[in-house]
Amino acid sequence: STLAFNNTLCLVSLTPSQIKAALEEGVKGQPQAFGAFRQVANIEFKFDSTKTSQTFDAEVNKILVPGERISELVIDGKVVYSEGEYKLPYRDQLFR
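Residues numbered from 1 in each chain as written. Predicted model: local features only at pLDDT ≥ 70, side-chain atom pairs only at ≥ 80, totals over all residues. Heavy atoms only, no water.

**Focus on the overall build of the protein**
Then step 1. Each helix and strand counted, the protein has 1 helix and 7 strands in total.
Then step 2. The linear arrangement of helices and strands in the protein, starting from the amino end, is β-α-β-β-β-β-β-β.
Then step 3. For the protein, the residues scored as buried account for 26% of the 96 residues in total.
Then step 4. Of the contacts made within the protein by residues no fewer than 6 positions apart, 60% connect residues no fewer than 24 positions apart.
Then step 5. Total accessible area on the protein is roughly 7100 Å²; 51% of this is exposed by carbon and sulfur atoms. (Helix = DSSP H or I, 4+ residues; strand = E, 2+ residues; numbered from the N terminus. Buried < 20%, exposed > 50% of the residue type's maximum accessible area, 1.4 Å probe, protein only. Contact = heavy atoms within 4.5 Å. Areas by Shrake-Rupley, 256 points an atom, 1.4 Å probe, with all protein chains shown as cover.)

Right under this line is the structure:
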């Protein structure tokens, strides 16, 4: 289910590096409360807040400095490496 807005769910295909980049964006402000922490299900990850945080330029929609904080990514109980594609549900509002 989604919040009571005019949103629907869509299915997106993402590579492990795209998933990692989204998670890096969510932990870039840690250990302070940042408000961008990703709400996920069936995804587990470890991060180190002392490592380099990701820098993203929203005006050009580009990662300027890749983050190095995510050290392990697990989806559906399986460790994710650099290959493959994962289908994840997401709110369509974020893709408009």
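**Points about the sheet that holds strand 6 (residues 78-79)**
Then step 1. What the 3 strands build is an open sheet, ordered 2-5-6; its pairing is antiparallel. Looking at the sheet topology across the chains shown, the edges are occupied by strand 2 (43-47) and strand 6.
Then step 2. Here strand 2 pairs with strand 5 (residues 70-75) via 5 bridges, running antiparallel. Its bridge partner lying in strand 5, Phe-47 is registered against Ile-70.
Then step 3. Its contacts with the sheet place helix 1 (residues 16-27) against strand 2 and strand 5, and it is angled at close to 120° to strand 5. (Pairing = 2+ DSSP bridges. Axes fitted to C-alpha atoms, helices over the stretch in contact; angles between N-to-C directions.)

**Considering the confidence of the model for the protein**
Caution is warranted with low-pLDDT regions, since their predicted coordinates should not be read in detail.
Then step 1. Of all residues in the protein, 84% have pLDDT values of 70 or greater, and the mean over the chain is 83.
Then step 2. By mean pLDDT, strand 7 (residues 86-91) is the weakest element of the protein at 81, and strand 4 (residues 62-65) is the strongest at 93. (pLDDT = per-residue confidence, 0-100.)

**Comments concerning the nonpolar core**
Then step 1. Of all hydrophobic cores here, the largest spans 11 residues; its members are Val-12, Ile-19, Leu-23, Val-27, Ile-43, Phe-45, Ile-70, Leu-73, Ile-75, Val-80 and Leu-88.
Then step 2. Counting only elements with at least two residues in this core, the list comes to helix 1, strand 2 and strand 5.
Then step 3. Not counting chain neighbours up to four residues away, the residues in contact with Ile-70 comprise Lys-20, Leu-23, Glu-24, Val-27, Phe-45, Lys-46 and Phe-47. (Core = buried A, V, L, I, M, F, W, Y, C linked by side-chain atoms within 4.5 Å.)

**Topic: the pattern of salt bridges**
Proximity of charged atoms lets side chains of opposite charge pair with each other.
Then step 1. One pass over the structure, following the stated rule, counts 3 salt bridges.
Then step 2. Where Glu-25 meets Lys-28, a salt bridge forms, and the shortest distance between an N and an O atom there is 2.7 Å.
Then step 3. Of the charged contacts, one joins Glu-72 and Lys-46 as a salt bridge, the two residues approaching to 3.8 Å between their closest N and O atoms. With Glu-72 in strand 5 and Lys-46 in strand 2, the pair connects residues that are 26 residues apart, well separated along the chain. (Salt bridge = Lys/Arg side-chain N within 4 Å of Asp/Glu carboxyl O.)

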